[in-house]
Every structure is written in structure tokens, then in C-alpha cells.
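# A structural walkthrough
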Amino acid sequence: KLRYFRRTLMSAGVLPEIDVLLHDLETYGTRLLATLPAAHSALLGRFFRWHMLPLIRRTLQDRPMTRGTFSARRAQLRYIAELLQWLDTHGMTIETVDQPAIDRFVSADRVRQQVGPFVTWAVQERIAPNVAVTTIRSRGTGSHLSDPDLAAIAMQVFTDESIPLPTRLITLFA
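Parameters at a glance
- Residues numbered from 1 in each chain as written.
- Predicted model: local features only at pLDDT ≥ 70, side-chain atom pairs only at ≥ 80, totals over all residues.
- Heavy atoms only, no water.
- Axes fitted to C-alpha atoms, helices over the stretch in contact; angles between N-to-C directions.
- Helix = DSSP H or I, 4+ residues; strand = E, 2+ residues; numbered from the N terminus.
- Parallel < 35°, antiparallel > 145°, perpendicular 65-115°, else oblique.
- Left-handed = near helix turned anticlockwise from the far one by under 90°.
- Contact = heavy atoms within 4.5 Å.
- Nonpolar A, V, L, I, M, F, W, Y, C, P; charged D, E, K, R; others polar.
- Expected span 1.5 Å × (residues − 1).
- Buried < 20%, exposed > 50% of the residue type's maximum accessible area, 1.4 Å probe, protein only.

## Remarks on the packing of helix H3 (residues 38-60) against helix H4 (residues 67-89)
Where H3 contacts H4, the two axes come as close as 11 Å, and the packing angle between them is 155°. The orientation of H3 relative to H4 falls into the category roughly antiparallel. As H3 runs across H4, the sense of the crossing is right-handed. Residue-level inspection shows His40, Leu43, Leu44, Phe47, Phe48, Met52 and Ile56 of H3 in contact with H4, the latter providing Arg73, Gln76, Leu77, Ile80, Ala81, Leu84, Gln85 and Asp88. Class assignment of the residues belonging to the contact of H3 with H4 gives a composition of 10 nonpolar, 3 polar and 2 charged.

## Things to note about H4
Since there are 3.6 residues in each turn of an α-helix, residues three or four apart along the chain are aligned in direction. Between its first and last C-alpha atoms H4 spans 33 Å; for 23 residues at 1.5 Å apiece the expected length is 33 Å, and the two agree. Within H4, burial applies to Phe70, Ala75, Gln76, Leu77, Tyr79, Ile80, Ala81, Leu83, Leu84, Trp86 and Leu87. Against helix H2 (20-35), H3, helix H5 (99-107) and helix H6 (116-124) lie the buried residues of H4. Positive backbone phi, approximately 70°, marks glycine 91, located one or two places after H4.

## A short note on unusual backbone geometry
Here glutamine 61, not a glycine, exhibits a phi torsion of approximately 45°, which is positive. Tracing the chain through its elements places glutamine 61 in the loop between H3 and H4. The phi dihedral of arginine 126 is positive, around 60°, even though this residue is not glycine. Overall, arginine 126 belongs to the exposed group, its relative accessible area being 72%.

Interpretation note: all reported values are geometric properties and have no functional meaning in isolation.
Following this line, the structure appears as C-alpha cells:
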């Protein structure tokens, strides 16, 4: 009801326009932080306020947040809080965790991979010195072959029966 009332007041010009879902994410983050132990709250709060929110704002570029982005970021905050609790349960902190422990946490549930940006941030900020974050460089999206060259290769793959069929199929999708 409050959200509806707020939107009505914004559309009437009584309240300034805001990104409602971004505001809701900020509110959710603040409430989540209040439920965590002090050390967890301080660490997750730092990530949330100084990394996640600025990144979201840059990405949105004055466009409103989508429901999907809101849900994904909210879930990401929950999984990070879960990681911090899991570390406590296993006698570790983000400062003492190592790569095998992070791998164990993530491998238990595929959606836990959402903690990746937090772990990367912690490594970059030198908070998690025992974790190695690898970056994979993109090969780029463009082809280095001209269109005629690509057409010639495709024709060879289609017609050359000396190339095993599985290889021919894989080549078409590479």
C-alpha cells in the first residue's frame, strides 16, 4: 500500500521521481545488515554501499531498475550473508578463508556462485589474501576471417566427407 501511495504522489508531482526498485533494494540491504552480526554487517555493508550500489547506478544510466535485476541483487546479498555465516560455522573469516573453502561453499549449491563478485571484491581490496581470483580474458566477439574465407571453410566442412561427422558439426558451431 505504501509503494502504491508513493507512486501516486510521484506521478502527481508531490514527491520527486525516484527509482522505486533501487530504493527498495537499498531498504532491503539496510534491513538485512541490521540482522547480521556486527563484523558481517560491517563487511557486507562496505561491499553493498561502496561497490554494489555504485555499480548498479552506473549500469542503469538513469534507467529504472528491472524486477529481474532487483531480485538478482537481493538474492546476491542473501548468499553473501550465507557465505559469511558459513565461514563462521567452519571457524573461518573472509580474512582467513582459502580457495578450497570457497570452492566447497560454492559447489554445495550452484546458485551460490552469486558470491563471486563479493569474493573478487574482497581479494581486490586485500581483505581475502588467501583466495586466488582468476580472470578469463574475452577472445572478442568478432571473427578475424573475412566473409569469403568463412564461406569457403563452411563449404569445405559441408562437403568434405573425409572430415569425421562429429568434427564437422562442432566446426559449424565454433
